[in-house]
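Survey of secondary and tertiary structure
The lines below spell out each chain.
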Amino acid sequence: MKGTSGAPLRAGLDTRGRRLHDLRISVTDRCNFRCVYCMPREVFGPDYKFLARDQLLSFEEIARLARIFKDHGVEKVRLTGGEPLLRKNLEHLIEMLADIPGLDLTLTTNGSLLAKKARALKAAGLHRVTVSLDSLDEAVFRRMNDADFPVSEVLNGIDAAAAAGLAPIKINMVVKRGVNEDSVLPMARYFKGSGHIVRFIEFMDVGHTNGWRMDDVVPSAEVVRRISERWKLEPVGANYAGEVAERWRYVDGAGEIGVISSVTQAFCSTCNRMRLTADGRFHLCLLNDDDLDVRAALRRGEDADAIGAILVRAVAHKPTGHQLALGRSTTARQMFQIGG
Ligand code: SAM
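Below you will find a few notes about this structure. From a predicted model like this one, the values you see are computed outputs, not experimental measurements.

1. Some details on the packing of aromatic side chains
Each aromatic ring pair is characterised by the separation of its centres together with the angle its planes make. Applying the stated criterion across every chain yields a total of 7 aromatic pairs. Centre to centre, the rings of Phe33 and Phe149 are 5.1 Å apart; their planes meet at 45°, and the pair counts as tilted. Of the two residues, Phe33 sits in the loop between strand E1 (22-26) and helix H1 (59-71) while Phe149 sits in the loop between helix H4 (138-145) and helix H5 (151-164), which places them 116 residues apart along the sequence. In terms of burial, Phe33 and Phe149 fall into one category: buried. The interplanar angle of 80° and the centroid separation of 4.8 Å between the aromatic rings of Tyr48 and Phe50 together place this pair among those described as edge-to-face. Given a relative accessible area of 24%, Tyr48 falls into the partly exposed group. Using a relative accessible area of 17% as the deciding quantity, one classes Phe50 as buried. Here the aromatic residues Phe33, Phe141 and Phe149 are joined through ring pairs into a cluster of three or more. The positively charged end of Lys192 is found above the aromatic ring belonging to Tyr250, 5.0 Å away from the centroid.

2. Comments concerning the pattern of salt bridges
All told, the structure shown has 18 salt bridges when counted by the stated rule. Its salt-bridge partner being Asp146, residue Arg41 comes within 3.5 Å of it at the nearest N-O pair. With Arg41 in the loop between E1 and H1 and Asp146 in the loop between H4 and H5, this pair connects stretches of sequence that are 105 residues apart. Looking at Arg41, the relative accessible area reads 38%, which means it is partly exposed. For Asp146, a relative accessible area of 28% gives the class partly exposed. With a closest N to O distance of 3.3 Å, Arg226 and Glu222 form a salt bridge.

What counts and how
- Sequence order as written defines the numbering, with residues in each chain counted from 1.
- Residues qualify for local features only when their pLDDT is at least 70, as the model is predicted, and side-chain atom pairs are given and counted only at 80 or more; totals for whole chains, interfaces and linings, by contrast, use all residues.
- Hydrogens are left out, water is left out, and the side-chain values use all remaining heavy atoms of the structure.
- Put simply, two rings from Phe, Tyr or Trp (the six-membered ring, in Trp's case) pair if the centres are within 6.5 Å, and we call them stacked under 30 degrees between planes, edge-to-face over 60, tilted for the rest.
- Working definition: helices are DSSP H or I runs of at least four residues, strands are E runs of at least two. Numbering for both runs from the N terminus.
- Note on exposure labels: buried denotes an accessible area under 20% of the residue type's maximum, exposed denotes more than 50%, and partly exposed covers the range between, all computed with a 1.4 Å probe on protein chains only.
- Two conditions define a charge sitting above a ring: the NZ of Lys or the CZ of Arg must be within 6 Å of the ring centre, and it must be within 35 degrees of the ring normal.
- Salt-bridge detection follows one rule: a side-chain nitrogen of Lys or Arg within 4 Å of a carboxyl oxygen of Asp or Glu.

Have a look at this one:
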C-alpha cells in the first residue's frame, strides 16, 4: 500500500519503540451482566442510554478497518465489548474477518451465550476464546455479575468452546480484595490439568464509576504466592514480545496460569495493543483518556490511505505510560466501552 506521496504507509514504531500488533475491537457497549467492578447496576440501570444502532460501526466498516490494520502490521484481532455475543449475527462479522489472510482472530466473552454459539463461532472462522469467570462459588459469582447468572452455565460454555475446538481457552478472573480473593485457589485447582489457562487480573481503575481503591487490589505477587504455597510453580518466558500476562507453570506438568499486573507492575514499555470502540474511536491506552475518531473518516468515504494515515497518527501518539502513573484516574470511558 502506498501513501499519497507514493511512499509506503505503515504504522511503524511509536515514541517508545513499540510496534502495533494487537487490536481489540469492541462490537457493542451492551452487556447482560452488571459486574460490580465494571458496570455497576446503580450507574448503568434501566435509564442508561447505550449507543444507538447508527452510532455502532457496521460489520462492513469493521472489516474494512481490520484489513487496513492488517496492512499496517496488526496480526491479532480480539473481538470484545460490552458482551460481544449480544451483537446480532456476530458470526457474519467473524466470517468477514476470517477472510483476511494471516489474521489471528479471538474473542473475549462472559460465557453466558457460549454454550449456544461455540460451534457456529468456530465454523465462522474464530480461532480461540477467552472466558471471564470471577469465582466458582455460586454466591460470590452471582454477587459479582449482579445478574443472578449461575456458574454452571459459564462452565457449560467453556466445555462447549473446548468441544468446538476454540482452544487453548483462557479464563480471566479479576481478583478483588475481600470479594473473591478466596476463590483464587479453587479456581486454580478446578482448571489445573484441564489445558485451559486461568489468568488472574488485578482490579483496575478504569472510568470513574467502579469505586476503585488501591486497597481493593490483590497484587499478582500475592496470587502467585498463594498458589505456589499449594502447588510448586516456576516462571515461563513470554510467548511473544509484549504479552501482557506473566506466565507460571505447574512443576508437576499440569499446565500453567498467568497473572496480569496492570496496577502493581504496569507493562507500558512493551504494550503493543490498541483498542477500537464500538462507535469507531481508537483508544490508544486502556488507562488513558485520549482517543481519536475514525468513524467520521470512514463515513466520509475516505480511501484506505487516508484511513491508514489516521492509524499511523494514532500509533505515533500512543501514550508512553498510564495516566495512573501520574496520579490521575481515567474518566472519559468505562471498561465496557473500551473492551477491556
Ligand atoms: N463481556 C466480555 C467479558 O466479560 O469478558 C468482554 C468485555 S469485558 C469489559 C473484558 C474483560 O475486562 C473481562 O475479563 C472483565 O473481567 C475485565 N474487566 C472489566 N473491568 C475491569 C476492571 N476494573 N479491572 C480489571 N479487569 C476488568
